[in-house]
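Chains, contacts and geometry: an overview
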Amino acid sequence: MALAKYFPHATKIDFVGARYFAFSLTLLLFIGVIASLSVRGLNLGIDFEGGLLIEAASKQKIDIADVRKKVGALNLGDVQVQHVGGESGIMIRAERPPGDESAQAKAIDAIKKALGPGFEFRRQEFVGPKVSEGLFRDGMIATGVALLLIAIYVWVRFEWQFGVAGLVATAHDVTMALGVYSATGLEFDLTAIAALLTLAGYSINETIVIFDRLRENMRRYKKTSFKELINISVNQNLFRTMMTGGATLVAVLPMLIFGGESLFAFTLAIVFGIVTGTYSAIYVSSSLLIYMPHIRRWREEKDDKGAATAKARA
Amino acid sequence: MINVTRFQLWSALLVCVFALLFAGPNALSERTAKSLPSWVPHQQFSLGLDLQGGAYLLLEAEMKEVVTDSLKNVRDQLRKSLRDQRVRYEEMRYVARGVAFRAPDAAQVDKAREIAERVARDAGSGSGGVFGARQQLYEVRVEGNAITVRLTNAGIASLNERVIDQAMEILRKRIDPEGTREVTIQRQGDTRVIVEVPGVSDTAEIRERIGTTAKMTFHLVHPSILAPTKDTLPPPGYKLLKGAKGEEGYYLVVDEPELDGTHLTDAQQQFQDGLPIITFRFDTTGARIFCKITQENIKKPFAIVLDNEVISAPVIQSAICGGSGIIQGRFTVESATRLALLLRAGALPAKFNVVEERTVGATLGADAIEAGIWASMLGVALVAVYMIGAYGLFGFFAIVALTFNLIILAAIMSLLGATLTLPGIAGIVLSLGMSVDANVLIYERMREEIRAGRTTLSAIDAGFRRAFTAISDSNITSIIAGLLLYLFGSGPVKGFGVTLAIGVGASFFTAIMLTRIQVVYWWRLLRPKYLPIMRRGAATA
């Protein structure tokens, strides 16, 4: 046991040296995301789009064409019917049934009636247009405010340059995750907002751990160049980054596989966030600092003096 | 940081014991937990509707009518006072949120303003504002000879508050008349109410019960025009009402009701000649008024009006002074039973529309909770294997801390009466990863310090000390994200925010305190030369 002792240490990978390669990769991905968002857009769920949704199960196989015909006769506008959880389950979704909220409630009852007996209704939802607008706005506000507050916190704990770099890195990860939602066509709903915020939390966590080490090294090695310091800090943290990423992956993996359909999109976004969070901590936030003006070298504090001299330089 | 003071040790142990006590009831079944004596912690966290199945409805009050009613009152008062004081006025009309008129006689503008101000004052003031000061609900504005009495923002807020306050109680009586279901009714924003009914998967009946205001009034009918049509122009003091479903035709009734539903104390569905009817009973004031009207209006029709539709207009045969009466109409047993229920519960102060509805069937909820529990247990097991595999004994310490992290999370959620949702379970699983991160930071730091030439003891010390800032900074940012999810999120997302924030907060305690206590006591007991996370010989001690 305790395999950690066999893991490599004192790696000297030149992360900063490879930054132009990483920058072009980031740029490429970013263009891809923007293209996907503008061409395909997001597959907004009824939370944000308004509309109704019914999930039903039957003991027998369900003939989807038959269901389409029955529901289509109700004139509810654009209606999607698809199987969920095998052939004995269906999901019916009407994006914008004509009329106001009460019309939607009536539409649900009408669909249930049209389907006839023999169905068990597992889930039924409708979100009125007024509510969905509010939900979307609140979700966006939450994400925006979270990013801002986190940046301010980093600013207070470090320096404004770090706050900006952290904000950019987190925004980068959130944008990339939006790209995943757009490219895969996974439903973007309230749970997706939760996933984005969680991912933002994870991403800033990675960034802060590296910043923290960078600050310590800046106090310790006064004469080392900033690029070198970033390399040292990232390398020192490399194993920790892998371990934590691994632990979180291991924790959420069962959810991805067994968590059922409702948690799938959420977990997928988190898994993706673990990857981008690690990447952006190195190549977005830390690398950005290279181009930031006037980063103050922290004054050597008494406490660190002894430790610094006792240590051999890496 | 290598010292653990006795105070730290005991307080940490105390926290763990309390956490176990308060988390404990969740392991019991609901009934066993409820049967525990009151001095034992017995609160359980509740399951969200997505896990236990049930209906969630978001209702919105139609405030327009409420505002109009309150303005109508102001207009009537203005007219009356102006007339009484012989102040000439013209162009009395409704404007946005207010009533406006002109005082054509320049000499009377001041007097008109005084009257308007008095009416505005009498129309109500509500408490509010920062210091609980009484705020005017109406304000008066004068431009030239034009005078406007308008609802202030405080006035609108007070109307909203009153409507929602009243509605919440009445909604509860309507949805849960026996008080046996665990219905949750809470305010959301200014004009919305959230209704959550566990265990219900068909919302049609709920919608029927909240869809009508059920405002019942009793009116006298116009003495001569007994069969008006929809084009009949009502004479002053009268209004034209439609017959309810099944009742043909129109009725001309006196504008002001003689009596209304607030005086009802009871209403029941019964049968008369095999047809469903509703019997009702008035309170003493209501009975007195009813007695007087029926005495004075024998052989005249008396209209029973529900939500501005005439249910029936029976001719009064004799004085009714017993305080009870019956309503006949085109009822089915079902509709009569429902109407009786609505009358018992009272009228809603405004019409409520369902603007959002989500229902989860019980089986889907059960499936979700099963999947969630399996996935999280498997997650915990994998993390345990992973950590022990990587860090050996220290990994085991981390898992002990992690276990208490979960127990503390369960305890706090029970204490707060928080709700566990499916995304909440995901939040817990995710906070597992975050929680181990603290341990990883500490252990990796120790390894570095030993490689840098420290002794075991000083490496342990430095590991905890130096990892602290990184851990606290990253945890605080996670808590910020969690709190924002709670503040801005709705439904399941809120639950996720709560569990994430509590989970990360708890991990701050467990990963640092509990791990430290374990490591320190292990060191004191064995005085080891090597840490289990290092290869022998790596240390230069």
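Values in this document were obtained by computation on a predicted structure and should not be read as measured data.

Focus: the overall build of chain A
Across its full length, chain A carries 10 helices and 6 strands. Counting across all 314 residues of chain A, residues that qualify as buried make up 44%. The contacts in chain A between residues at least 6 apart in sequence include a share of 74% that link residues at least 24 apart.

A look at the overall build of chain B
The secondary structure content of chain B amounts to 13 helices and 21 strands. Scaling as 2.2 N^0.38, a compact globule of 541 residues should have a C-alpha radius of gyration of about 24 Å, whereas chain B reaches 34 Å, well beyond that. The principal-axis extents of the C-alpha atoms in chain B amount to approximately 110 × 70 × 40 Å. Looking at chain B residue by residue over its 541 residues, the buried ones come to 44%. In chain B, 68% of the contacts between residues at least 6 apart in sequence involve partners at least 24 apart.

Re the interface of chain A and chain B
The interface of chain A with chain B comprises 67 residues on the first partner and 70 residues on the second. Sorting the residues of the side of chain A that touches chain B by element identifies α4 (101-115), β5 (119-127), α5 (129-157), α7 (190-220), α8 (226-258) and α9 (261-290) of chain A as the ones contributing at least two each. Sorting elements by how many residues they give to the side of chain A that touches chain B places α8(A) first, with 14 residues. Across the side of chain A that touches chain B, the residue classes break down as 38 nonpolar, 16 polar and 13 charged.

Observations regarding α4(A)
Residues and elements named next belong to chain A. Taking 1.5 Å per residue as the helical rise, α4 with its 15 residues ought to reach 21 Å, and the 22 Å between its terminal C-alpha atoms agrees with that figure. Taken residue by residue, α4 has E101, Q104, A105, A107, I108, I111 and L115 as its buried positions. Each buried residue of α4 sits inside an arc of 155 degrees when the element is viewed along its axis, so together they form one side.

A closer look at the sheet that holds strand β3 (residues 90-95) of chain B
Residues and elements named next belong to chain B. Strand order in this open sheet of 4 strands is β3-β4-β8-β7, and the pairing throughout is antiparallel. Bordering the open sheet on either side are β3 and β7 (138-143), each of which pairs with just one other strand. The mean angle between the axes of side-by-side strands here comes to 15 degrees, regardless of whether they run parallel or antiparallel. Pairing between strand β4 (residues 98-102) and strand β8 (residues 146-151): 5 bridges, direction antiparallel. Across the sheet, the residue bridging to V99 is V149, located in β8.

Points about the pairing of β4(B)
Every regular strand shows the same layout, with side chains that alternate between the two sheet faces. Residues and elements named next belong to chain B. Note: β3 against β4, 4 bridges, orientation antiparallel. Residue pairing across strands places V95 opposite G98, the latter belonging to β4. Connecting β3 to the antiparallel partner β4 that follows it, the hairpin turn spans 2 residues, and R97 within it adopts a positive phi of roughly 60 degrees.

A short note on the nonpolar core
Grouped together as the largest cluster of nonpolar side chains are 236 residues, with contacts concentrated most on A:L197 and B:L485. The element contributing the most residues to this core is helix α10 (residues 362-416) of chain B, with 25 residues. When sequence neighbours within four positions are dropped, the list of residues in contact with A:L197 reads A:A142, A:T143, A:A146, B:A481, B:L484 and B:L485.

Section: the packing of α7(A) against α8(A)
For any two helices packed against each other, one specifies the crossing angle of their axes together with the interaxial distance. Residue and element names in this part refer to chain A. Packing of α7 against α8 leaves a shortest axis separation of 9 Å and a crossing angle of 135 degrees. Considering their axes alone, α7 and α8 lie oblique with respect to each other. As α7 runs across α8, the sense of the crossing is right-handed. Residues E206, V209, I210, R213, L214, N217 and M218 of α7 form the contact with α8, whose participating residues are L229, I230, I232, S233, V234, Q236, N237 and T241.

Overview of the sheet that holds strand β19 (residues 324-327) of chain B
Residue and element names in this part refer to chain B. Read from one edge of the open sheet, 3 strands run β15-β16-β19, paired in antiparallel fashion. Taken across any chain shown, the strands that pair with only one partner, and hence form the sheet edges, are β15 (264-272) and β19. Here the strands of the sheet are splayed against their neighbours by 25 degrees on average, with no regard to which way each runs. Taken strand by strand, helix α9 (residues 333-345) contacts β15 and β16 (275-282), and its axis lies near 170 degrees from that of β15.

Topic: the environment of A:I64
Along the polypeptide, A:I64 turns up in helix α3 (residues 64-72). Separated by 215 residues in sequence, A:I64 and A:Y279 have C-alpha atoms that sit 44 Å apart.

What about the packing of α8(A) against α10(B)?
At a closest axis distance of 8 Å, the pairing of α8(A) and α10(B) adopts a crossing angle of 155 degrees. As judged from the angle between their axes, α8(A) and α10(B) are roughly antiparallel. Judged by the sense of rotation from one axis to the other, the crossing of α8(A) with α10(B) is right-handed. Contact residues: α8(A) offers A:M243, A:G246, A:A247, A:V250, A:A251, A:V252, A:P254, A:M255 and A:F258, while α10(B) offers B:A371, B:W374, B:A375, B:L378, B:G379, B:L382, B:V383, B:Y386, B:M387 and B:A390. Within the contact of α8(A) with α10(B), the residues separate by chemical class into 17 nonpolar, 2 polar and no charged.

Describing the environment of A:G185
Along the chain, the position of A:G185 falls in the loop between α6 (160-184) and β6 (187-188). With 144 residues separating them in the primary sequence, A:G185 and A:G41 have C-alpha atoms 8.7 Å apart.

Describing α7(A)
Because the α-helix completes a turn every 3.6 residues, residues three or four places apart line up on one side. Given a rise of 1.5 Å per residue, 31 residues ought to cover 45 Å, and the 45 Å separating the end C-alpha atoms of α7(A) matches this to within 8%. Among the 31 residues of α7(A), 28 are classified as buried, and the element is accordingly described as predominantly covered.

Regarding unusual backbone geometry
Among all residues except glycine, the phi angle is most often negative; among peptide bonds, the trans geometry is most common. All names here are of chain B. A positive phi angle, close to 55 degrees, is found at R86, a residue other than glycine. Inspection of the secondary structure assignment puts R86 in the loop between α4 (63-84) and β3. The backbone of N308 sits at a positive phi, close to 65 degrees, despite the residue not being glycine. With respect to the helices and strands, the residue N308 is situated in the loop between β17 (302-306) and β18 (309-312).

What to know about the confidence of the model for chain B
Residues and elements named next belong to chain B. In the predicted model, chain B carries a mean pLDDT of 82, and the fraction of residues at 70 or more is 92%. Taking the mean pLDDT of every element in chain B, the minimum, 49, falls on strand β5 (residues 125-127) and the maximum, 89, on strand β10 (residues 192-198). Scored below 50 in pLDDT, residues 126-132 makes 11 contacts in the model with residues more than four places away or belonging to other chains. Predicted as a complex, the structure gets a pTM of 0.75 and an ipTM equal to 0.79.

Some points on the confidence of the model for chain A
When pLDDT is averaged along chain A, the result is 80, and 89% of the positions lie at 70 or above. Note that residues 299-314 of chain A has pLDDT below 50 and, in this model, 10 contacts with residues that lie over four places away or in other chains.

Each value, and the rule that gives it
Residues numbered from 1 in each chain as written. Chains lettered and ligands numbered in written order. Predicted model: local features only at pLDDT ≥ 70, side-chain atom pairs only at ≥ 80, totals over all residues. Helix = DSSP H or I, 4+ residues; strand = E, 2+ residues; numbered from the N terminus. Buried ≥ 20, exposed ≤ 12 C-beta atoms within 10 Å, placed from the backbone. Contact = placed C-beta atoms within 7 Å. Rg over C-alpha atoms; globule rule 2.2 N^0.38 Å. Nonpolar A, V, L, I, M, F, W, Y, C, P; charged D, E, K, R; others polar. Expected span 1.5 Å × (residues − 1). Arc of directions from axis to C-beta. Pairing = 2+ DSSP bridges. Axes fitted to C-alpha atoms, helices over the stretch in contact; angles between N-to-C directions. Core = buried A, V, L, I, M, F, W, Y, C linked by C-beta atoms within 7 Å. Parallel < 35°, antiparallel > 145°, perpendicular 65-115°, else oblique. Left-handed = near helix turned anticlockwise from the far one by under 90°. pLDDT = per-residue confidence, 0-100.

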